[in-house]
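The chain contents come next:
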Amino acid sequence: MPKIKISQAILTGLADDGGLFIPETIPQIDQKKIPQGISFPEFADLFLQAFFEGDELQKHVSDMCSSAFNFPIKISSLGGKNQLLELYHGPTSAFKDVGARFLSECLQKLSGKLQKELLILVATSGDTGGAVASAFYKKRACRVGLLFPKAGVSPSQKAQLTCWGENIQSFEVSGSFDDCQRLVKSAFQNQALKDKYYLTSANSINIARLLPQAAYYAYSSKNYFDSFSKPAKYIVPTGNMGNVYGAFLAKACGFPIAEIVIATNANKTISDFYTEEVYKPRASIKTLANAMDVGAPSNMERIQYMYRDISKLKQLSSVILVTDSDIQKTIKNVHAKDGIVICPHTATAFFAKEMLDSDGWILVATAHPAKFTEVIEPLIQQKIDVPDVLNELTSRPKSYTSINAQLDELLAFL
Ligand SMILES: *Cc1c(COP(=O)(O)O)cnc(C)c1O
């Protein structure tokens, strides 16, 4: 396996052979030596330093953490020893802000040494595009092309994908999400484009998006241990296995994590993997938790590498599959019983909690419910308060270009 510096892995995204990058050795971090009660940016600095040892970015990690994590990672009580890890207080109200903002900091620092302008191409149907656009908006030496399918994004999603301009170009593609992905792939192979730009991608396979996701598990597990003198147990809504990989990685670094429950929507690949012990990717199906509509989770490769013995993986973790009707029931029940409004992704974790006998879980909340008003308001029969950040985004003027799913049409604008 080729070994490269972490900054090169961040610039490239994917290895030449199509594989994903992982840390060569997983740093061991003694959480007892980390002071109690420090802020998330301070904690993330301590945690991430260990992965950048000897790299040109190491001296910038501290600054990058304070710029990237300029919004709260909130931990709230759900009663008893149960907690909610709220990851959606960033500028686009979804947990993808955490990874996208740290990636943006890294690429800005690294772009200075490149001979060409950096062009980031992203095919998106959900939260990724908005988080990436927001993270790179008005950043020098970085240009972003967002491709989204004409049919297949909701009006509020479209508003968040097209409210940018400046160095962010949005393309509405006449076709499906798969057409968008195909276009991005063929753009990456186009020699003329490669001559003009340094091309990279910003999807969740980039290691710079994953590492800060491990940081919030490390942070919340330490906080849990400090409060209850017990290791934490998580329920994590996941699709591409990126969110949950962070939990596995934090545990591997030595943080007090006893159990990980993977909550998925009706896409069965992960739950079939746990029952049949073979990984069989399949086509994705559409669900209400649409940011988790993944049939071939790319980070599975990283999890399988970490746990070459499936029985060890199964000792630590399990999967609960949640259907759309269970998502709907859960949104309704949680609102009626606890007075909390949750998004359809977060609802998979709440449903899974009901299926489990034991208590004392940290449920991971991945998006603000106001991003999914179309689904939630009819269920709870009530208007959802929209955070100011989202209102501000959706009220901006729209700018985007409509193209057919043809490479030459895309290239004409880049
Ligand atoms: C992307 C996303 C997920 C799933 O994250 P993975 O990294 O694909 O596991 C869950 N919830 C929301 C709101 C998301 O945007």
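Just above, that's the structure.
Notes on the structure in this doc start here.

Some words on the pattern of salt bridges
- As enumerated under the stated definition, the model contains 14 salt bridges in all.
- Glu277 is the partner of Lys314 in a salt bridge, and the nearest nitrogen-oxygen pair spans 2.6 Å. Residue Lys314 is found in helix H13 (residues 310-316), and its partner Glu277 is found in the loop between helix H11 (269-276) and helix H12 (300-306); the two are separated by 37 residues along the sequence.
- Since its relative accessible area comes to 32%, Lys314 is described here as partly exposed.
- Relative accessible area serves as the criterion here: at 40%, Glu277 is assigned to the partly exposed category.

Considerations on the site of the ligand
- The full set close to the ligand counts 14 residues, and Lys96, Asp127, Thr238, Asn240 and Thr366 are the nearest of them.
- Contacts to the ligand include Lys96, whose side-chain N or O atom sits 2.5 Å from an oxygen atom.
- Asn243 places a main-chain nitrogen or oxygen 3.0 Å from an oxygen atom of the ligand.
- If the ligand stood free it would expose 380 Å²; the protein chains cover 97% of that surface.

Notes on the nonpolar core
- Counting residues in each nonpolar core, the largest one holds 92 residues, and the members touching the most others are Ile10, Phe47, Phe52, Phe102, Phe136 and Phe248.
- For this core, the element with the most residues is helix H9 (residues 207-228), which contributes eleven residues.
- Setting aside its immediate chain neighbours within four residues, Phe102 contacts Leu48, Phe52, Met64, Cys65, Ala68, Phe69, Ala208 and Pro212.
- If you look at the next biggest cluster of nonpolar residues, it comprises 32 residues, including Ala94, Ala289, Phe350 and Ile380.

Concerning the sheet that holds strand S10 (residues 362-365)
- Taken together, the six strands give an open sheet; going across it, the order is S1-S2-S10-S7-S8-S9, and neighbouring strands pair in mixed fashion. Pairing within the sheet leaves two strands with one partner each, and these edge strands are strand S1 (74-77) and strand S9 (317-321). Here the average twist between neighbouring strands, direction ignored, is 25°.
- Of the strand pairs in this sheet, S1 and strand S2 (residues 83-86) are connected by four bridges, and their pairing is antiparallel. Across the sheet, residue Lys74 finds its bridge partner in S2, namely Glu86.
- Here H9 sits on the sheet in contact with S1, S2, strand S7 (232-237), strand S8 (257-264) and S10, set at roughly 145° to S7.
- In this fold helix H10 (residues 242-252) packs onto S7, S8, S9 and S10, with an angle of close to 170° to the strand it touches most, S8.

A closer look at the pairing of S10
- On S10, burial covers both faces: Ile362 and Val364 on one face and Leu363 and Ala365 on the other are all buried.
- Note that S7 and S10 share two bridges and pair parallel. What sits directly across from Tyr234, in S10, is Ile362.

Each value, and the rule that gives it
- Residues numbered from 1 in each chain as written.
- Predicted model: local features only at pLDDT ≥ 70, side-chain atom pairs only at ≥ 80, totals over all residues.
- Heavy atoms only, no water.
- Salt bridge = Lys/Arg side-chain N within 4 Å of Asp/Glu carboxyl O.
- Helix = DSSP H or I, 4+ residues; strand = E, 2+ residues; numbered from the N terminus.
- Buried < 20%, exposed > 50% of the residue type's maximum accessible area, 1.4 Å probe, protein only.
- Near = heavy atom within 4 Å.
- Polar contact = N/O pair within 3.5 Å; in protein donor to acceptor, adjacent residues only side chain to side chain.
- Areas by Shrake-Rupley, 256 points an atom, 1.4 Å probe, with all protein chains shown as cover.
- Core = buried A, V, L, I, M, F, W, Y, C linked by side-chain atoms within 4.5 Å.
- Contact = heavy atoms within 4.5 Å.
- Pairing = 2+ DSSP bridges.
- Axes fitted to C-alpha atoms, helices over the stretch in contact; angles between N-to-C directions.

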